[in-house]
Amino acid sequence: MRARELGRKSVVVGDQVGLVGDTSGAAGALARIVRIAERRSVLRRTADDDETTAEGRLERVVVANADQLVIVSALADPPPRTGFIDRCLVATYDAGIEPLLCLTKADLAGPEQVLGYYAELELPYVLIRPDSDLDALRALLAGRVSVLVGHSGVGKSTLVNRLVPEAARAVGTVSAIGRGRHTSTSAVALRLPAAPGAHGDPGWIVDTPGIRSFGLAHVSAESLLHGFPDLVEATVDCPPNCPHTAEEADCALDAWVAAGRADARRLASYRRLLASRSGEGDPREPERNPGDPLAGS
């Protein structure tokens, strides 16, 4: 229970709280939350990119006090969507936490296309196959609070069950059109079990419901660029108050890409996010570029 004195202050997964009452955890025990400690990080998302819409103004705190966002993406069935990954990266950098790309179903397809797209970012990643021992992933999770996000059907719940067998998270299937069915319905924090012979804190993971979009209305247009560090240097040569759109003739981003210093798909993704903030396009629907199988959001 939350103490009345806290008013409307919300308590979310990851919050550090002060309790009074029976904290034994026994059946029937009752305690109250009387204090919420200051959050060192807050990961947020909205249902829309445009803050002028009702969905854009409805800001959701995904988790508090996280150290790392684990972006879970399948390499096939369903195919990877770098547009969604880009959105997660923007939210990650805005929250001041670290990203980790977790590529599942590596037995079905290779990671070259996805890793090539992020080559300039030196984005940390781990490949997961059905027979993987998960040691590499556990090492990256140790001592941290890590949030797992991903589209439905990418194998996130299966991964959570392998990391924490007693979690018993529901596992779904992928439909014939390549979309996963939602299985997890609420965010839950799970303590990772200690590996045999290992010392130190094994860490926590926060499993979140599968999502179809990661709205960024809470991130300013200027801060969107933080999710595209491979483009930042180019903006030094942009005119003052450059909107960085394709219509801006003097925007230096086009010349930067033309010179081979960044991937054209990255610039296209950044500009799609800018357009979406202006109410152009729907962030809940996949966006594609002709000939680019990774462009969906």
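Residues numbered from 1 in each chain as written. Predicted model: local features only at pLDDT ≥ 70, side-chain atom pairs only at ≥ 80, totals over all residues. Heavy atoms only, no water.

### Some points on the side chain of T208
Within the secondary structure, T208 is located in the loop between β10 (204–207) and α6 (229–232). On the basis of relative accessible area, T208 is assigned to the buried category, the value being 5%. Engagement of the side chain of T208 in a polar contact is seen with the backbone oxygen of L148, the distance being 2.6 Å. (Helix = DSSP H or I, 4+ residues; strand = E, 2+ residues; numbered from the N terminus. Buried < 20%, exposed > 50% of the residue type's maximum accessible area, 1.4 Å probe, protein only. Polar contact = N/O pair within 3.5 Å; in protein donor to acceptor, adjacent residues only side chain to side chain.)

### Description of the packing of helix α2 (residues 82–95) against helix α8 (residues 264–277)
Contact geometry of α2 with α8 gives a least axis separation of 10 Å together with a crossing angle of 70°. Of the possible angle classes, the one that applies to α2 and α8 is roughly perpendicular. Of the two possible hands of crossing, α2 and α8 adopt the one that is right-handed. The segment α2 lies against α8, with G83, D86, R87 and V90 engaging R266, S269, L273 and S276. Looking at the contact of α2 with α8 residue by residue, the classes come out as 2 nonpolar, 3 polar and 3 charged. (Axes fitted to C-alpha atoms, helices over the stretch in contact; angles between N-to-C directions. Parallel < 35°, antiparallel > 145°, perpendicular 65-115°, else oblique. Left-handed = near helix turned anticlockwise from the far one by under 90°. Contact = heavy atoms within 4.5 Å. Nonpolar A, V, L, I, M, F, W, Y, C, P; charged D, E, K, R; others polar.)

### Things to note about the pattern of salt bridges
By the definition in use, this model includes 10 salt bridges. Between D135 and R138 there is a salt bridge whose closest N-O contact spans 4.0 Å. Residue D135 and its partner R138 are located together in helix α4 (residues 135–141), separated by 3 residues, close to a single helical turn. Here R271 and D254 are joined by a salt bridge, their closest N and O atoms 2.9 Å apart. (Salt bridge = Lys/Arg side-chain N within 4 Å of Asp/Glu carboxyl O.)

### Considering the sheet that holds strand β5 (residues 68–74)
If you trace the 6 strands from one edge of the open sheet to the other, you get β7-β6-β5-β8-β10-β9, paired in mixed fashion. One side of each edge strand has no neighbouring strand; the edge strands of this open sheet are β7 (125–127) and β9 (188–191). Direction aside, neighbouring strands of the sheet carry axes that sit 25° apart on average. Direction of pairing for β5 relative to strand β6 (residues 98–104): parallel, over a ladder of 7 bridges. Looking at β6, one finds that V70 is bridged to L100. Where α2 meets the sheet, its contacts fall on β5, β6 and β8 (145–149), and the angle it forms with β5 comes to roughly 180°. Sheet contacts for helix α5 (residues 156–163): β5, β6, β8, β9 and β10; angle to β10, the most-contacted strand, approximately 150°. (Pairing = 2+ DSSP bridges.)

### Here we look at a nonpolar patch on the surface
A surface patch of nonpolar side chains, about 200 Å² in accessible area, is lined by V11, V17 and L19. Positionally, V17 belongs in strand β1 (residues 17–21). Residue V17 is classed as partly exposed on the basis of its relative accessible area of 31%. (Patch = residues over 30% accessible without salt bridge, like charges linked within 9 Å, V, L, I, M, F, W, Y side chains within 5 Å. Areas by Shrake-Rupley, 256 points an atom, 1.4 Å probe, with all protein chains shown as cover.)

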